[in-house]
Amino acid sequence: MKTLNKTALALCVQAVLLSAATNAQESDSQEETEAGKLEVISVTAQKRTQSIQDVPISISTLNGERFDSLFSGGGDILELATRVPGLYAETSNGRVAPRFYIRGLGNTDFDLAASQPVSIIMDEVVKENVILKSFPLFDIGQVEVLRGPQGTLFGRNTTAGIVKFDTNKPTEDFEAYYKVALGNLGTRNFEGAVGGGLGGDFSGRFSFLSQNRGDFIDNGFTGEEDALGGFQELAWRAQLAYNPSDDFSALLSVQNRNLDGTSSVFRANVLSTGQQGLNSNFNRDRVFFDQGDNNPQQYINTGVNLKLEYTLPNGSTLTSITANESVSGRSLGDIDGGAIVNTPNIDINGDGISDPSIDTNGDDIPDQTSFPGVILFGAVTEDQLDNFNQFTQEIRLASSDDLDLTWQVGAFYFDSEFDVTSIDGFFGATTVFHENTTWAVFGQTSYDLNEKVNITAGLRYTDDEKSLVVGDQNVDGFALVIGLASIQDIAPIEVDDGQVSGELSVNYKLNDKTSLYARYANGFRAQTIQGRDVAFEGLPSVAESETINSIEAGFKADLFDDTLRLNGAIYAYQIDDIQFSAIGGDGNNTALINADKGTGRGFEIDAQWLVSEYLTLTAGFSYNDTEIDDPNLRVATCGSGQCTPTDPLDANDRAIVDGNPFPQAPETILNFTARYSIPTDSGEFYAFTDWGYQGETNIFLYDAVEFTTEDNFEGGLRIGYKNFDNDYEIAVFARNITDEENLRAAIDFNNLTGIVNQPRIFGIEFRKDFF
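Residues numbered from 1 in each chain as written. Predicted model: local features only at pLDDT ≥ 70, side-chain atom pairs only at ≥ 80, totals over all residues. Heavy atoms only, no water.

## Considering the overall build of the protein
- The helix and strand inventory of the protein stands at 3 helices and 50 strands.
- Overall, the protein is about 85 × 60 × 55 Å in size when its C-alpha atoms are taken along their principal axes.
- Taking all 771 residues of the protein together, 59% fall into the buried category.
- Looking at the protein alone, contacts between residues at least 24 apart form 68% of all its contacts between residues at least 6 apart.
- Here the protein carries 50 positive and 115 negative side-chain charges, and the mean point of each set is 6 Å from the other. (Helix = DSSP H or I, 4+ residues; strand = E, 2+ residues; numbered from the N terminus. Buried < 20%, exposed > 50% of the residue type's maximum accessible area, 1.4 Å probe, protein only. Contact = heavy atoms within 4.5 Å. Lys, Arg positive; Asp, Glu negative; His and termini not counted. Charge placed at Lys NZ, Arg CZ, Asp CG, Glu CD.)

This is the structure we're talking about:
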């Protein structure tokens, strides 16, 4: 079934791209939104409003039905994975701490203090911490995915790119909507917004979201039915706008999120030694957890954002954006993913057959039984995030947009501090304290040499400081030690770096509908401190800053009288001192390392085709070839030889990973959507389908048969009716419609533990709009 669906999907996409390639021709019609033409997409990738076709950056957007359909089943931000070329995401932390990858570049670190090279921006505010990156998506106007380094305007930690969200803003005119969805597994979603003028110069908008899914996974060890897997996600946003004149505006936004759900479900031994793919131990609806209290997760996040804009008499605009974020929460998990009983040769799962027995004390006499499969030891961990505060301030001055020479200059300040407490069944509770302060100044200018050629250049200087202080480690009131030294004797760690980032691009218009561009960009990911190993009697690790040099060239074309849009880019980059996270292995470490170099090259293509008034197709494809370039880099592999590394090993059985692809970097990504409508007197019937495909992907730094995935895909379907006269819509939907069981992440230090995608969700949704 998977091969058949993959082939069908590939043929559909190839048909779209082949048509574009064989029929491309110039069009001199005016670029405007009208019936029978593709709409003009405006983006703010360069912190000013422009047509996506005029920006010399590889960009994809999602909005409207293509975006909203992804979340019909109550999915979180991970639903964006593979839905645009070059973008992937996964997690081992439930509905928080997503890990994003663009053009293969990301970070597999699961710690709450992890640094990511993909920045998440919401309403022009950076979401630096991994918990902030998972804020629920609702009442969203548009998503922009910017590929490649964006350090000039967005600062450090954007070496891979940016995922940028813009929410719907208050208007003077009244508007409101609500939508309700009911589905299987106790899925209940409610989203809505109401806004309009409030009198005088004020307007407002209030948006809200409720996502619920019932527990659907049984715990076979405790005998509890429907013990875990569910969640309750509540979020809201209140916005107040003040517009006393054409020259001044103010927008205050307050948002909150309250999550009570299940952390990731770790599944023991769902992979078999020497084989790829899930085995018969995998049962989506049943686990055997003897610890972890069924993996609960709770987080609360509140953010405040104030944006002020003033237009000066010369037409330039002064903008100030002030924001503050606070977070607290916890996740608890049975990390080994199974059960261990201190009695040998017993039947844990009730199938009448004794489960594997283990000798834990080395006397060659079994003294424990585990299920499923051999579990070397029990592992349960709780992570707590406390006292989190992030403050950001940006001020920028930008020229008017209607000049041949446009420019903007600005300054940025960032400060965050938080505590991470890790509680482990062996070593007790350990707290580390993180602080990070950053300031930057930047400028960018763009000049129209003539009607066809535009040149853009920018520079940014960033100073970044981080520190880590180790607090107490305590088990039942007794402080533990590392070696001969008390944990409190670990000296505070402080690192700082200052670097210049820059960009230079040229955009050439072949005609009103087609342009070519070339871009060079440089950026850096600041140094990082990892304190997680302190919780397991290790020392903190530090990774030095990584720097990237990237080149890309591309084209953007609106063809066939604005019915076909075809955008593409080729790229290559080199990262010096690239940061990696060496996670797991037989020592169960979480350490930061720098490789000498990392390289990537590939291409992306986006197509949107208005085939007729009733049929619209979109397709995207990316190819990405990444490579670790460091002959001296070695990492630990899986514990007790349970997996099958294909890398050469050194004398200490550590894998030599020189030449390997980056971890969690899909070689290919393919996506496709199709929408067909049948008009009626008062509205339309329609069908919409969307598909995403992920090519070969290594989960870890080392290459192993068990920890390589390929041909993963998911699809969605929506069939409905829209009534234009009465502004309502009703539809049936399905997410992961073929109920694919895809391995997303793994744990290798104890057993062959896997983390999989979400199950098939289907249901019915009703939406009503008010104007």
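Text resumes after the structure shown.
## Digging into a nonpolar patch on the surface
- Residues Val180, Leu182, Phe190, Leu717, Ile719, Ile730, Val732 and Ile764 make up a contiguous nonpolar surface patch of about 600 Å² in total accessible area.
- Of all the elements in the fold, those that place two or more residues in the nonpolar patch are strand 10 (175–183), strand 46 (712–723) and strand 47 (728–735).
- Residue valine 732 is classed as partly exposed on the basis of its relative accessible area, which comes to 42%. (Patch = residues over 30% accessible without salt bridge, like charges linked within 9 Å, V, L, I, M, F, W, Y side chains within 5 Å. Areas by Shrake-Rupley, 256 points an atom, 1.4 Å probe, with all protein chains shown as cover. Salt bridge = Lys/Arg side-chain N within 4 Å of Asp/Glu carboxyl O.)

## Here we look at the state of the cysteines
- Enumeration according to the criterion identifies 1 disulfide in this entry.
- Residue cysteine 638 pairs covalently with cysteine 643 via a disulfide, S to S 2.0 Å. Handedness here is read from the sign of the S-S torsion; for cysteine 638 and cysteine 643, about -95°, the answer is left-handed. (Disulfide = S-S within 2.5 Å.)

## A word on the sheet that holds strand 14 (residues 224–228)
- Strand order in the open sheet made by the 3 strands is 14-13-17, with mixed pairing throughout. Where the open sheet ends on each side, the last strands, each with one partner, are strand 14 and strand 17 (286–287). (Pairing = 2+ DSSP bridges.)

## Some words on the pairing of strand 50 (residues 761–770)
- Here 8 bridges tie strand 10 to strand 50, and the two strands are oriented antiparallel to one another. Its bridge partner being in strand 50, alanine 176 is matched across the sheet by phenylalanine 770.
- Judged from the 8 bridges that link them, strand 47 and strand 50 form a sheet pairing that is antiparallel. If you follow glutamate 729 over to strand 50, its bridge partner there is arginine 767.

## Brief notes about the pairing of strand 18 (residues 296–311)
- Both strand 16 (residues 248–262) and strand 18 contribute to a ladder of 15 bridges, which runs antiparallel. From the neighbouring strand, glutamine 255 faces strand 18, where its bridge partner is glycine 303.
- Pairing analysis gives 15 bridges linking strand 18 to strand 19 (residues 317–334), with the strands arranged antiparallel. Residue pairing for strand 19: glycine 303 is matched across the bridge by glutamate 325.
- Between strand 18 and the antiparallel strand that follows it, strand 19, lie 5 residues; glycine 315 among them carries a positive phi value of about 95°.

## Remarks on the confidence of the model for the protein
- Chain-level statistics for the protein give a pLDDT mean of 92 and a share of 93% at 70 or above.
- Throughout residues 1–33 the model reports pLDDT below 50, and contacts reaching past four residues in sequence, or to other chains, amount to 59 contacts. (pLDDT = per-residue confidence, 0-100.)

## Digging into the packing of aromatic side chains
- Tallying each qualifying case throughout the model produces 27 aromatic pairs.
- When the ring of phenylalanine 580 is compared with that of phenylalanine 662, the centres are 5.6 Å apart and the planes differ by 65°; the resulting orientation is edge-to-face. Note that phenylalanine 580 is positioned in strand 36 (residues 579–584) and phenylalanine 662 in the loop between strand 41 (655–656) and strand 42 (668–679), a separation of 82 residues in sequence. Each member of the pair, phenylalanine 580 as well as phenylalanine 662, carries the same accessibility label: buried.
- These aromatic residues form a ring-pair network of at least three members: Tyr178, Phe190, Phe206, Phe208, Trp236, Phe685, Tyr721, Tyr728, Phe766 and Phe770.
- Directly above the aromatic system of phenylalanine 414 lies the positively charged group of arginine 156, at a separation of 4.9 Å from the ring centroid. (Phe/Tyr/Trp six-rings, centres within 6.5 Å; stacked < 30°, edge-to-face > 60°. Lys NZ or Arg CZ within 6 Å of the ring centre and 35° of its normal.)

## Topic: the pattern of salt bridges
- One pass over the structure, following the stated rule, counts 41 salt bridges.
- Residue glutamate 90 pairs with arginine 99 through a salt bridge whose shortest N-O separation is 2.7 Å.
- Owing to a relative accessible area of 1%, glutamate 90 belongs among the buried residues under this scheme.
- Between aspartate 464 and arginine 156 there is a salt bridge whose closest N-O contact spans 3.0 Å. Within this pair, whereas aspartate 464 is found in strand 26 (residues 453–475), its partner arginine 156 is found in the loop between helix 3 (151–154) and strand 9 (161–167), the two being separated by 308 residues in sequence.
- Each member of the salt-bridge network shares a partner with another, and the members are Lys47, Glu124, Lys307, Glu309, Glu394 and Arg396.

## A few points about the sheet that holds strand 22 (residues 368–371)
- Pairing within the open sheet is antiparallel, and its 3 strands lie in the order 20-22-21. Pairing within the sheet leaves two strands with one partner each, and these edge strands are strand 20 (339–341) and strand 21 (357–358).
- Bridge count between strand 21 and strand 22: 2 bridges; the pairing is antiparallel. By the bridge assignment for strand 22, serine 357 is matched with threonine 369.

## Some points on the environment of glutamate 706
- Structurally, glutamate 706 can be placed in the loop between strand 44 (697–698) and strand 45 (708–709).
- Taking relative accessible area as the criterion, glutamate 706 reaches 0% and is therefore assigned buried.
- In this structure, the C-alpha to C-alpha distance between glutamate 706 and glutamate 740, residues 34 residues apart in sequence, is 18 Å.
- In this structure glutamate 706 touches Leu271, Ser272, Thr273, Gly274, Gln275, Gln642, Cys643, Thr644, Leu743 and Leu752, once residues within four positions along its chain are discounted.
- Polar side-chain contacts of glutamate 706 include one of 2.7 Å to the side chain of threonine 644. (Polar contact = N/O pair within 3.5 Å; in protein donor to acceptor, adjacent residues only side chain to side chain.)

## Quick word on the environment of serine 72
- Here serine 72 shows up in the loop between helix 2 (64–68) and strand 4 (87–90).
- Beyond its immediate stretch of four places on either side in the chain, serine 72 contacts Ala181, Asn189, Arg718, Phe733 and Glu765.
- One polar contact links the side chain of serine 72 to the main-chain carbonyl oxygen of serine 69, over a distance of 3.2 Å.

## Quick notes on a negative patch on the surface
- Taken together, the side chains of Glu544, Asp577, Asp596, Glu627, Asp629 and Asp658 present a region of like negative charge at the surface.
- Its place among the elements puts aspartate 658 in the loop between strand 41 and strand 42.

## Some remarks on the nonpolar core
- One finds Leu80, Leu137, Val163, Phe165, Tyr702 and Phe707 to be the most contacted residues of the largest nonpolar core, which totals 61 residues.
- Residues contacting phenylalanine 707, with those up to four places away along its chain left out, are Leu271, Cys638, Cys643, Thr697, Asn698, Ile699, Phe700, Tyr702, Ala746, Ile747, Asp748 and Leu752.
- Membership of the second largest hydrophobic core comes to 24 residues, among which are Val470, Ile493, Val495 and Val534. (Core = buried A, V, L, I, M, F, W, Y, C linked by side-chain atoms within 4.5 Å.)

## A word on the side chain of serine 416
- Its location among the elements puts serine 416 in strand 24 (residues 405–424).
- Looking at serine 416, the relative accessible area reads 6%, which means it is buried.
- Serine 416 has contacts with Asn389, Gln390, His434, Glu435 and Asn436, leaving out every residue within four places of it along the chain.

## Some details on the environment of glutamate 627
- When you line up the elements, glutamate 627 lands in strand 39 (residues 615–629).
- As a C-alpha pair, glutamate 627 and aspartate 658 span 31 residues in sequence and 7.8 Å in three-dimensional space.
- Once residues within four sequence positions are removed from consideration, glutamate 627 is found in contact with Lys597, Gly598, Thr599, Gly659, Asn660, Pro661 and Phe662.

## Re unusual backbone geometry
- Of note, the bond from phenylalanine 371 into proline 372 is cis; its omega dihedral lies within 30 degrees of zero at -5°.
- Within the secondary structure layout, proline 372 lies in the loop between strand 22 and strand 23 (380–398).
- Even without being a glycine, asparagine 387 presents a positive backbone phi close to 55°.
- For asparagine 387, a relative accessible area of 58% translates into the label exposed.

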